[in-house]
Structure formats: structure tokens, C-alpha cells
Amino acid sequence: MSRTGLRRLRVTRYVKPLREGGSLPALVEGEDDGTYVLKFRGAGQGRKALVAEVITGELGRTAGLPVPELVLCELDPALAQREPDPEIQDLVRASAGLNLGMDYLPGSLGFDPLASPVGAELASDILWFDALTTNVDRTPHNTNLLLWHGEVWAIDHGASLYFHHAWTGWREKATRPFPAAKDHVLLPFATDLDGAEERIKSKLTEEAVQEAVGLVPQEWLEGEAGFASTEDVRSAYVEYLTARLAASESWTAGLKEAHDLARRTYRGRGGER
Ligand SMILES: Nc1ncnc2c1ncn2[C@@H]1O[C@H](COP(=O)(O)OP(=O)(O)OP(=O)(O)O)[C@@H](O)[C@H]1O
Ligand SMILES: [Mg+2]
């Protein structure tokens, strides 16, 4: 299946900031009258967080995970004039042009590990996928999982692929374990990690990885130190991810050990699942 690219739309209204997000994301309205959560290119986390959102979010969707639709949002800096808050004005001005939007799930609730339902298959798939993409941002404190119409949705992949903040030694980093699994909110429920590995690897072919990396806008990849062209940057992401997929046996073993330990602790505390 070949992808033509993410949908692009113009932002027509800044509705309100989502204060709980560290990067000051906002609820915006698009020219299609849809509402989206906007991640600003000019936010402190910078454009690499948006690159990670696109690659990991789209790989996640291909892997069968429930990720809300991602779109590219064109932001007119003139929208800043209508905002009273100078911090927001600055953010809008610094983000003129392309930003990342995620379909807004109205009325969704934050996932509660003690009360929200999650099956072993989905919990295992999400944990395994987070280990693949080195996403350290799914802890009990900040789950980045939403519950919407009774289903779990995965959001906020901006902290994944952290090797790209310092490319040095990235080839070696591709095969490393994922120690952050010990803090993952779904670790106690991930009883089917072998199944997750099989399910996800069957979907994430090299072609699928290339497609996800191909969806990142060119301008977010420009000027990367140590690379001669944006094509070289894309190739590096593809090489990293395919190498990590190929080496999954080694780091999946670490996930299983972390799970066994968490399960014993969870049972010790009287957990029922
Ligand atoms: N698609 C969505 N639908 C509904 N609410 C959302 C959606 N995306 C984000 N939110 C809400 O906005 C909050 C902030 O979003 P998100 O976690 O993506 O931003 P962030 O700045 O990267 O956050 P963090 O503080 O985790 O770094 C979420 O915790 C959630 O409450
Ligand atoms: Mg978040």
C-alpha cells in the first residue's frame, strides 16, 4: 500500500491552549471545520519532536495501533494578533508555516492504569512498539494514552526516537535494550510480548518504514549537522529502524525480564489483572 502524504490544511482559528502539555500544544480549528491538537514547530522541543510524531505515529498506525489521524497544519502568523497572551503570540509567530496536527478526540479521558480496561494484546503491542521506537513517554505519571468511547488511543510520540537529538553512534544505538520499559504504564499488563513482536514485525516491512519516514515534510529535515542532504537523513532513520527491527530478539528479552519483575511486584501489591 503506497501513501500519498499526510493531509494538509490551513488553521483558521486558535481555540485554546492545552495547558497540561509540556510543549504548550493548542486546540485549533482547521479549514475543514475539524478540531485538531496542534504541536508547534517553534515550541521548545523543536521540530525534531514533530519529526518523531510523524515517523512514530504513522509507523504505529501501520503496526495496527490506535493513533488518531495526523495532519500537516499551515499556520498564518497573523493569527497571533488575536491572542492576548504574549507567550502564545510568540509561539504562533515562531511557528509560521507547517506544524503538526492530530485529530482531537472530544470528551476523551486520560488512561488510568488502575481502572481503565486494556487487553493483554494491545498492552503488549504498545509496550513492544514503544521499545522499538524508544518512546520513554508512557509512564503512570504521564500515560499519553487516552480513553475515548471505551477504547484506548495512543498520543504524543514527540519524545520517541531520541537518538536523533545526538546522532553520534546512531548505528550502534539501534540494537540497544530499552531500560525505560521498567517505568512503562502498561508493563504489568504486557503478557504477550512474543505475540506483539510477531504481529508488529509482520506489518513493519522495510517498505512500510520507508513510507512512514517519507511522510516527514522536507523542510523539517533540512540543515541536519553531519548529513549532506535530507535524503541522507531519511535513509538514516530507515536504516536505524530496520536494524532495530532486525535485532528485536535481543531487546525483547529485556522487556520480558522487566515484565516478569513488574508482574511479581504488581501481584505483591494486590493487583488483580
Ligand atoms: N488527540 C487528542 N485528543 C484529545 N486530547 C488530546 C489529544 N492530544 C492531546 N490531548 C490532550 O492534550 C494533552 C497534551 O498533549 P500531548 O501529550 O500530545 O502534548 P505534550 O506537550 O507533548 O505533552 P507532554 O507534557 O506529555 O510532553 C494530553 O495529555 C491530552 O490531555
Ligand atoms: Mg503528553
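Residues numbered from 1 in each chain as written. Chains lettered and ligands numbered in written order. Predicted model: local features only at pLDDT ≥ 70, side-chain atom pairs only at ≥ 80, totals over all residues. Heavy atoms only, no water.

Visitor: What should I look at first to understand the sheet that holds strand 8 (residues 151–154) in this one?
Guide: Think of a sheet as strands paired side by side through backbone hydrogen bonds, with each pair either parallel or antiparallel. Spatially, three strands are ordered 6-7-8 in an open sheet, and the strand pairing comes out antiparallel. Looking at strand neighbours, the two that pair on one side only are strand 6 (109–110) and strand 8, the edges of this open sheet. (Pairing = 2+ DSSP bridges. Helix = DSSP H or I, 4+ residues; strand = E, 2+ residues; numbered from the N terminus.)

Visitor: For this particular structure, what's the right way to read the coordination of the magnesium ion (ligand 2)?
Guide: Each pair of donors in an ideal four-coordinate tetrahedral metal site encloses 109.5 degrees, whereas pairs in an ideal six-coordinate octahedral site enclose 90 or 180 degrees. Around the magnesium ion (ligand 2), the protein supplies Asn 144 (OD1) and Asp 156 (OD) as donor atoms, at distances of 2.1 to 2.2 Å. With Asn 144 in the loop between helix 3 (120–132) and strand 7 (145–148) and Asp 156 in the loop between strand 8 and helix 4 (170–173), this residue pair connects regions lying twelve residues apart in the sequence. Neither residue differs from the other here; Asn 144 and Asp 156 are each classed as buried. (Donors = N, O, S within 2.8 Å, 3.2 Å for Na, K, Ca; no water. Buried < 20%, exposed > 50% of the residue type's maximum accessible area, 1.4 Å probe, protein only.)

Visitor: Even after reading the chapter, I still don't get the site of ligand 1, so can you show me in this structure?
Guide: Taken together, 18 residues lie near ligand 1, and Gly 22, Ser 23, Asp 103, Leu 105 and Asp 156 sit nearest. At 2.7 Å, a side-chain N or O of Ser 23 approaches an oxygen atom of ligand 1. Between ligand 1 and Asp 103, the relevant distance is 2.8 Å, taken from a nitrogen atom to a main-chain nitrogen or oxygen of the residue. Coverage of ligand 1 by the protein amounts to 85% of the 610 Å² it exposes when considered alone. Counting only elements with at least two residues in the shell around ligand 1, the list comes to strand 3 (35–39) and strand 5 (97–103). Taken together, domain 1 (7–103) and domain 2 (109–268) each give at least three residues to the shell around ligand 1, which thus spans both. (Near = heavy atom within 4 Å. Polar contact = N/O pair within 3.5 Å; in protein donor to acceptor, adjacent residues only side chain to side chain. Areas by Shrake-Rupley, 256 points an atom, 1.4 Å probe, with all protein chains shown as cover. Domains from an automatic or database assignment.)

Visitor: Even after reading the chapter, I still don't get the packing of aromatic side chains, so can you show me in this structure?
Guide: Given two aromatic rings, one states the distance between the centres and the angle between the planes to describe the pair. Enumeration over the complete set of coordinates arrives at nine aromatic pairs. When the centroid spacing of 6.4 Å and the interplanar angle of 25° are considered together, the rings of Tyr 14 and Phe 40 count as stacked. Pair noted here: Tyr 14 is in strand 1 (residues 7–17) and Phe 40 is in the loop between strand 3 and helix 1 (47–62), with a separation of 26 residues, a long-range link. Ring centres of Trp 128 and Trp 251 lie 4.8 Å apart, and the angle between their planes is 35°; this geometry places the pair in the tilted category. On the criterion of sequence distance, the pair formed by Trp 128 in helix 3 and Trp 251 in helix 8 (residues 248–268) is long-range, its members being 123 residues apart. Joined through ring pairs, the aromatic side chains of Phe 163, Trp 167, Trp 170, Phe 227, Tyr 237 and Tyr 240 make up one cluster. (Phe/Tyr/Trp six-rings, centres within 6.5 Å; stacked < 30°, edge-to-face > 60°.)

Visitor: I would appreciate a short explanation of the pattern of salt bridges in the present structure.
Guide: Scanning all chains against the criterion turns up 17 salt bridges. With a shortest N-O distance of 3.8 Å, Arg 8 and Glu 74 are connected by a salt bridge. With a gap of 66 residues between them, Arg 8 in strand 1 and Glu 74 in strand 4 (residues 70–75) connect regions that are remote in the sequence. Residue class for Glu 74 comes out partly exposed when judged on its relative accessible area of 32%. The salt bridge involving Lys 39 is made with Asp 156; its shortest N-O contact spans 3.5 Å. Residue Lys 39 is found in strand 3, and its partner Asp 156 is found in the loop between strand 8 and helix 4; the two are separated by 117 residues along the sequence. Its relative accessible area of 15% is what places Lys 39 among the buried residues. What emerges from the salt-bridge pattern is a single network uniting Glu 121, Asp 125, Asp 192 and Arg 199. (Salt bridge = Lys/Arg side-chain N within 4 Å of Asp/Glu carboxyl O.)

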